[in-house]
Amino acid sequence: MEGSRALALGPWAEALEVVPAPEVAAELLARRAEGGSVRSVWVTDLVDLRPAYWRSTAPVTPSPERRALMEAGRETHVRVGHVLAAARYREVRLQREGITGQIDLFEDRPTELKTTRLTGLDEPDRAVRSSYLDQLAMYCALADRDAGRLVLVDPAAEPPAVAVYDLRVRDLGAVWDAMRERAGALRTALERRSPAGLPGCPWRGRGCEFEAAEVCDCRGSEPPPATPLVTLLDPPKADPGAASSLAARLATPTGPLPPARRFRDLVYLRRAYFERVEPVDEPAGAPAARPAPGDDLYRTLSDLLESGPTGEMTREPTEDGEPLESVACFRGDPLLLRVSKAWSATPRDDLLKGQPQYFLELALRCAALGRTAGWLVLGYARAASWEEKVYLYRVRFGRPETLAPLLDERLRALRDAVERRSPYDLPACPGWMYESCPYRSRCECAGLASDGRSNR
Ligand code: SF4
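Residues numbered from 1 in each chain as written. Predicted model: local features only at pLDDT ≥ 70, side-chain atom pairs only at ≥ 80, totals over all residues.

Asks: What exactly am I supposed to notice about the sheet that holds strand E10 (residues 327-330) here?
Replies: Sheets are built from strands paired through backbone hydrogen bonds, the pairs being either parallel or antiparallel. A sheet is described by the order of its strands in space; here six strands give the open sequence E1-E13-E12-E11-E10-E9, paired in mixed fashion. Each having just a single partner strand, strand E1 (17-20) and strand E9 (313-316) make up the two edges of the open sheet. Neighbour-to-neighbour, the strand axes of the sheet open up by a mean angle of 40°, direction not taken into account. Pairing geometry for strand E12 (residues 373-380) and strand E13 (residues 390-396), over seven bridges, is antiparallel. Across the sheet, Ala 373 pairs through a bridge with Arg 396, a residue of E13. Contacting E1 and E13, helix H1 (residues 22-33) runs over the sheet at an angle of about 140° to E13. Its contacts with the sheet place helix H13 (residues 356-369) against E9, E10, strand E11 (333-340), E12 and E13, and it is angled at close to 160° to E11. (Pairing = 2+ DSSP bridges. Helix = DSSP H or I, 4+ residues; strand = E, 2+ residues; numbered from the N terminus. Axes fitted to C-alpha atoms, helices over the stretch in contact; angles between N-to-C directions. Contact = placed C-beta atoms within 7 Å.)

This is the structure in structure tokens:
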């Protein structure tokens, strides 16, 4: 791949069919017209509504320490998840009435993993924060299970320290009612662009990133949530046997995490190399990038896709866990949703040449699940009418036998580059990524990435 561009078409793109599916697009638009889609809200947002409001309206760049903690937490999640459960039970996404939860592990009961400090505490139970219990109780309500499990891991301890608690929710219906109420309050606040009426922020004065960045206007006198969920739960019960067995499994050395975390990493291989090997830190505390025009359409289309019958949208883990990201599937096949800022839709016959990245990513997703066809949903944020905003295509790969080698080749190329600590055999990203790329001074790609297309 030396000297090539990331998006060069290969055998996988031969005989590819792109078939418009206007009837499916019309179904999505009908859901919108019927008001079937409400703004989706994540369970994690329902735990603390004010920070969720500010995250959405005035995001701030995390400090390097916070970013490092978040990254370490993510990696621990992945490692513990791999030890605890098969891929199909990890990161299980559930959705009901516009409330979405991604449960860390869900086999017989929702299980929430948290990384936290466990060693040196006078009372280990103090590590069980009420926010952890709230989140787990909400997953239980979403999954309609009255039992859940909380797994706390201190990855800084050597060997890793683990605590396990079992939780029973006494009144699932009351938890669900409280969730709907909180989701309604957050939606209203976001529509009005005002957090007035949301409960007080428990992080005020305790390291709240929005307070530190002076973007929030909380006073500290706001009332707490109307229904504290803890009143609907039995006290959590420690399970020391489960904790020591998990600690023993975690103490067994494992290899490093695979460098390919997302499918996007395999589309833009050089960028992924730098993100894994030489990540850059942005200045902390500054307002983070505001949602770009088109983000709202992305969200609306996601909500419309998610608001169909149960099982229409699923997330399937990759067979061997690489990339780590699971694959969103619509009606059984991989789906790729993208929103363009172009003023009008690209004609169907020009799509492959104009936006090869869409097809490459969909090909990789299909390869990871052993499928030969997928769905491409394109939104055009600047189009005048809804009919002109949404296009849906069935994409069939004409030479399915080329898909698995495509995935293998890209996985191997990224792994090899990371092992050798050299990105220069990887294809350069397309030209439109160069200008805003934080790695361009190190990457030396300017001569290669010269296709100045603006379509993403
Ligand atoms: S400098 Fe260019 S090739 Fe290198 S990572 Fe950035 S966009 Fe990709």
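Anyway, onward from the coordinates.
Asks: Please explain the environment of Arg 90 as it appears in this structure.
Replies: If you trace the backbone, Arg 90 turns up in strand E3 (residues 90-96). On the basis of neighbour count, Arg 90 is assigned to the buried category, with 26 C-beta atoms found within 10 Å. Sequence separation between Arg 90 and Gly 184 is 94 residues; the distance between their C-alpha atoms is 28 Å. Beyond its immediate chain neighbours, meaning those up to four positions away, Arg 90 contacts Gly 81, Ala 85, Leu 105 and Pro 317. (Buried ≥ 20, exposed ≤ 12 C-beta atoms within 10 Å, placed from the backbone.)

Asks: Got a minute to help me understand the domain arrangement of the protein chain in this structure?
Replies: Domain annotation of the protein chain identifies domain 1 (11-36 + 260-443) and domain 2 (41-251). Look at where the C-alpha atoms of domain 1 and domain 2 centre, and you get two points 29 Å apart. (Domains from an automatic or database assignment.)

Asks: Would you mind showing me how to read the pairing of E11 here?
Replies: Consecutive side chains of a regular strand alternate in pointing toward one face of the sheet and then the other. When E10 meets E11, the two strands line up antiparallel, connected through two bridges. Residue Phe 330 lies in a different strand from E11, and its bridge partner there is Asp 333. Counted between consecutive antiparallel strands, the loop separating E10 from E11 contains two residues, among which Arg 331 sits at a positive phi close to 50°. One ladder, built from six bridges, connects E11 with E12; its direction is parallel. Bridge pairing in E12 links Leu 336 to Leu 376.

Asks: How should the site of the ligand be read in this particular structure?
Replies: The ligand sits among 13 residues. The nearest are Cys 429, Cys 437, Arg 440, Cys 443 and Cys 445. Of all the secondary-structure elements, those providing two or more residues to the shell around the ligand are helix H10 (269-277) and helix H16 (440-443). In terms of residue count, the dominant contributor to the shell around the ligand is H10 (three residues). Per-class residue counts for the shell around the ligand are 10 nonpolar, no polar and three charged. (Near = placed C-beta within 6 Å. Nonpolar A, V, L, I, M, F, W, Y, C, P; charged D, E, K, R; others polar.)

Asks: Got a minute to help me understand the nonpolar core in this structure?
Replies: The tendency in soluble globular proteins is for nonpolar side chains to be buried side by side. Within the largest apolar cluster, 57 residues are counted, with the highest numbers of intra-cluster contacts made by Ala 137, Met 138, Ala 141, Val 151, Val 162, Val 175 and Met 179. Not counting chain neighbours up to four residues away, the residues in contact with Val 175 comprise Ala 137, Met 138, Ala 141, Val 169, Leu 229 and Leu 232. Tyr 268, Leu 305, Ala 363 and Leu 364 belong to the second largest nonpolar core, which has 51 residues in total. (Core = buried A, V, L, I, M, F, W, Y, C linked by C-beta atoms within 7 Å.)

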